Amino acid sequence: DSGVTQTPKHLITATGQRVTLRCSPRSGDLSVYWYQQSLDQGLQFLIQYYNGEERAKGNILERFSAQQFPDLHSELNLSSLELGDSALYFCASRASGGDGYTFGSGTRLTVV
Amino acid sequence: DQQVKQNSPSLSVQEGRISILNCDYTNSMFDYFLWYKKYPAEGPTFLISISSIKDKNEDGRFTVFLNKSAKHLSLHIVPSQPGDSAVYFCAARDYNFNKFYFGSGTKLNVKP
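Bringing a nonpolar patch on the surface into the picture now. Residue and element names in this part refer to chain B. The grouping of Ile18, Ile20 and Val78 at the surface amounts to a nonpolar patch, some 220 Å² of accessible area in total. Positionally, Val78 belongs in the loop between β8 (72–77) and β9 (86–94). The class of Val78 is partly exposed, set by a relative accessible area of 41%.

Turning next to the pattern of salt bridges. Under the criterion given, the structure shown has six salt bridges over all chains. Of the charged contacts, one joins B:Asp31 and B:Arg93 as a salt bridge, the two residues approaching to 2.9 Å between their closest N and O atoms. Taken together, the residues B:Asp31 in strand β4 (residues 30–38) and B:Arg93 in strand β9 connect sequence positions 62 residues apart. With respect to class, B:Asp31 is no different from B:Arg93; both count as buried. In this structure, B:Asp84 and B:Arg61 form a salt bridge, with 2.8 Å as the shortest nitrogen-oxygen distance. Of this pair, B:Asp84 sits in the loop between β8 and β9 while B:Arg61 sits in the loop between β6 (56–59) and β7 (62–67), placing them 23 residues apart in sequence. For B:Asp84, a relative accessible area of 2% puts it in the buried group. Through salt bridges that share partners, A:Arg63, A:Glu82 and A:Asp85 make up one connected network.

This paragraph deals with the interface of chain A and chain B. Contact with chain A, which involves 21 residues of that partner, is made by 17 residues of chain B. Contact between chain A and chain B buries roughly 1400 Å² in total, counting both sides, with carbon and sulfur atoms accounting for 54%. Seen at the junction of chain A and chain B, the total is zero salt bridges. Inspection of the chain A/chain B interface yields two residue pairs in polar contact (both at pLDDT 80 or more). Residue assignment for the side of chain A that touches chain B shows that the elements contributing at least two residues are β4 (31–37), β5 (44–50), β6 (53–57) and β9 (87–94) of chain A. Residues that form the side of chain A that touches chain B fall into these classes: nine nonpolar, nine polar and three charged.

Rules of the game
Residues numbered from 1 in each chain as written. Chains lettered and ligands numbered in written order. Predicted model: local features only at pLDDT ≥ 70, side-chain atom pairs only at ≥ 80, totals over all residues. Heavy atoms only, no water. Patch = residues over 30% accessible without salt bridge, like charges linked within 9 Å, V, L, I, M, F, W, Y side chains within 5 Å. Areas by Shrake-Rupley, 256 points an atom, 1.4 Å probe, with all protein chains shown as cover. Salt bridge = Lys/Arg side-chain N within 4 Å of Asp/Glu carboxyl O. Helix = DSSP H or I, 4+ residues; strand = E, 2+ residues; numbered from the N terminus. Buried < 20%, exposed > 50% of the residue type's maximum accessible area, 1.4 Å probe, protein only. Contact = heavy atoms within 4.5 Å. Buried area = accessible area lost by both parts, 1.4 Å probe. Polar contact = N/O pair within 3.5 Å; in protein donor to acceptor, adjacent residues only side chain to side chain. Nonpolar A, V, L, I, M, F, W, Y, C, P; charged D, E, K, R; others polar.

Okay, structure coming up:
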């Protein structure tokens, strides 16, 4: 158990639908990062939050949005889903000044 | 624009032999490099790291080498074990933007 919790582990939904992925960072970590890993692709950075505020944006589609709540958990909202959105979505957290990430086990999203 | 590249999607090695995984980067502002290991259905886990002020870091069977002039790093696993079979991601930190960039991963298969 890395200390980063992601739910749900698996999600199957239809095209056009909207889903919410949830992440709880390690205790004390203020930064949360979201990554997408498509089949045979590397980890693509989506977005970062630090203590409730958006800090950096990567290759995140306009159909996707995220937020970090006062208790530091984060949610990634994916809407108008397309088949190509099927992927593993990882959340990672990092301690302030920390040198690396701690990843959750991911949410596997399948859009049918 | 892929700033961190792992050009070998897969590598197969016999148990007991050396595994060498390679990673190239383009951004000279990267100051810290990490290797992550990922098993199926799990999130990536931190393996080993190296600061840009060093050229080698060793931890048990794992050694990371950094060649700054060539913008190249490599991970050596000696001796390789079947349990090392996983996908290995290299990552680099851009200190200025407080962001990490990941390569696309190399799938290592260690044959018994």
